[in-house]
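Coordinates in review
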Amino acid sequence: MIHTEMQELIRRSVRDFALKEVAPLAAQIDETGEFPDELYQKLAKNNYFGITIPREYGGTGAGYVVMCIVMEELARVCVSTTLHVTSPNTLLGLPLANYGTPEQKERYLLPEMRGEKEGTFALTEPGAGSDAASMKTTAVRDGDYYILNGRKTFITAAPVADFVVVFAVTDRSRGTRGITAFIVERGTPGFSTGKKERKMGVCGSPTSDVILDHVRVHKSQILGREGEGFLMAMKTLDSGRIVVAAQCLGIAQSAMDEAVKYVKERQQFGRPIGNFQGVQFMLSDMETKINCARALIYDTAQKKDLGMNITKEAAMAKYFASEMCNEVAAKALQLHGGYGYMKDYPIERIFRNARVTTIYEGTSQIQQIVIAKQLLK
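Residues numbered from 1 in each chain as written. Predicted model: local features only at pLDDT ≥ 70, side-chain atom pairs only at ≥ 80, totals over all residues. Heavy atoms only, no water.

**Some thoughts on the pairing of strand β5 (residues 179-185)**
When you tally the buried positions in β5, you get 6 out of 7 residues, the bulk of the element. In this structure, strand β4 (residues 163-169) lies alongside β5, joined through 7 bridges in antiparallel fashion. Bridging from a neighbouring strand, F163 pairs with E185 of β5. (Buried < 20%, exposed > 50% of the residue type's maximum accessible area, 1.4 Å probe, protein only. Helix = DSSP H or I, 4+ residues; strand = E, 2+ residues; numbered from the N terminus. Pairing = 2+ DSSP bridges.)

Shown next as structure tokens:
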């Protein structure tokens, strides 16, 4: 675990990078929906793709407290950028690091760490979102190969991914123990992606369906062992939830920063609106909840770095931080009045980006179920 003084040095370094390299591009990324390759390469050069990944696999092994610092600081200026950082560190990178063969790590994980390839994680389906175990995508054995058929939806980075970790049913009779993960490369016959979705926010991270039409994949492309795909996905989600919680913290902090700046400048009835007690009550409530989330998130990250089980804590962090993020963004926009509804002010983009956080990586309601199950088991 990295000492607190070192953590603050890392925070200053990431903040400097975020302000100099990312912030000037944030509005353009949101407006165009295009993420600059030059910025992607800078993220790779600064080792942001391998913070949680061990050194022997091309990462830095810095851990989850550092990962939360990076996510918080990047999310304060551009949420789309954080979406390109989360996958190699959690949903995609961790299964490859923990379950991949040496050949798979060499072919997929190391290039991902270097920014030479981009991959993604495909679990959700049109009819299987929160209930991922009800997926319809199948993988039928054919000698040394498997034939994959199905459709995944809302897949982050699918339009630009060089490869996808796809979850498919290999044995329906075994329930969740009959789900297997496969690495499928773009260009494989029968593999395609759907139209790029027109989203409310995080527009600089493209999303689309992944379509599998009789895709023939060799058994060497199985990630882990046959039948352990669902367990792999669920274990990975704990780590992903901490990271999304830190993303929420960064969004909320940016909303708070904009609100404080605005209420100091905006004059009504002959004085700054920040002088009015009603406004001060709103700000106090926002600030308190942000700091409560910060304490919960970093405590959970520290426990993860110490090797502790954090299933309940990760769910609580994600649940509280995402709900808090939406509340703070909404109040910050309210404090801007009519100007907050206009795209000329950053709070409009912040508000849109905040909305998805209670939905992806497990909805708030799913987090509540996870928390309750951990309490009652």
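**Focus: empty space enclosed by the protein**
With the rule as written, the count across this model stands at 1 cavity of 30 Å³ or more. Those elements that provide at least two residues to the lining of the largest cavity are α2 (26-32), α5 (79-89) and α11 (346-355). (1 Å grid on protein atoms, 1.4 Å probe; cavity = no way out; pocket = protein on both sides within 12 Å on 5 of 7 lines; lining within 4 Å. Points joined across faces, edges and corners; volume = space filled by probe spheres on them.)

**Regarding the pairing of strand β1 (residues 119-122)**
Burial along β1 is two-sided: the face carrying G119 and F121 and the face carrying T120 and A122 are both buried. Looking at chain direction, β1 and β4 are connected through 4 bridges and run parallel. Bridge pairing in β4 places T120 opposite V164.

**Details of the packing of aromatic side chains**
Per the stated rule, a full pass over the model turns up 8 aromatic pairs. Taking 4.8 Å as the distance between ring centres and 40 degrees as the angle between the ring planes, the aromatic pair formed by Y40 and F49 counts as tilted. Residue Y40 is classed as buried on the basis of its relative accessible area of 6%. With a relative accessible area of 0%, F49 lands in the buried category. Ring centres of Y262 and Y345 lie 6.2 Å apart, and the angle between their planes is 80 degrees; this geometry places the pair in the edge-to-face category. Of the two residues, Y262 sits in helix α8 (residues 229-265) while Y345 sits in the loop between α10 (311-335) and α11, which places them 83 residues apart along the sequence. Within the aromatic cluster, the residues linked to one another by ring pairs are Y262, Y339 and Y345. (Phe/Tyr/Trp six-rings, centres within 6.5 Å; stacked < 30°, edge-to-face > 60°.)

**Brief notes about the side chain of E125**
Relative to the elements of secondary structure, E125 occurs in the loop between β1 and β2 (138-142). A distance of 2.6 Å separates the side chain of E125 from the backbone nitrogen of K136, its partner in a polar contact. Polar contacts involving the side chain of E125 include one to the side chain of T137, which spans 2.7 Å. The contacts of E125, once residues within four sequence positions are left out, are M135, K136, T137, R151, K152 and T153. (Polar contact = N/O pair within 3.5 Å; in protein donor to acceptor, adjacent residues only side chain to side chain. Contact = heavy atoms within 4.5 Å.)

**Some details on the pattern of salt bridges**
A complete count under the given rule lists 28 salt bridges for this structure. In this structure, the salt-bridge partner of R11 is E73, at a minimum N-O distance of 2.8 Å. Note that R11 is positioned in helix α1 (residues 4-22) and E73 in helix α4 (residues 64-75), a separation of 62 residues in sequence. For the residue pair R11 and E73, the accessibility class agrees, reading buried in each case. Through salt bridges that share partners, E8, R11, R15, E72, E73, R76, D257 and R294 make up one connected network. (Salt bridge = Lys/Arg side-chain N within 4 Å of Asp/Glu carboxyl O.)

**Some remarks on helix α9 (residues 277-305)**
For an α-helix the count is 3.6 residues per turn, leaving residues at separations of three or four pointing the same way. Taking 1.5 Å per residue, 29 residues should reach 42 Å; α9 reaches 42 Å between its end C-alpha atoms and fits that length. All buried positions along α9 are accounted for by V279, L283, M286, I290, A293, R294, I297, Y298, T300 and A301. Tucked into the core, α9 has its buried residues touching α1, α4, α8 and α10. Just beyond α9, the residue with positive phi is G307, at close to 85 degrees. (Expected span 1.5 Å × (residues − 1).)

Honestly, that's just the spatial picture; any functional story needs more than this.
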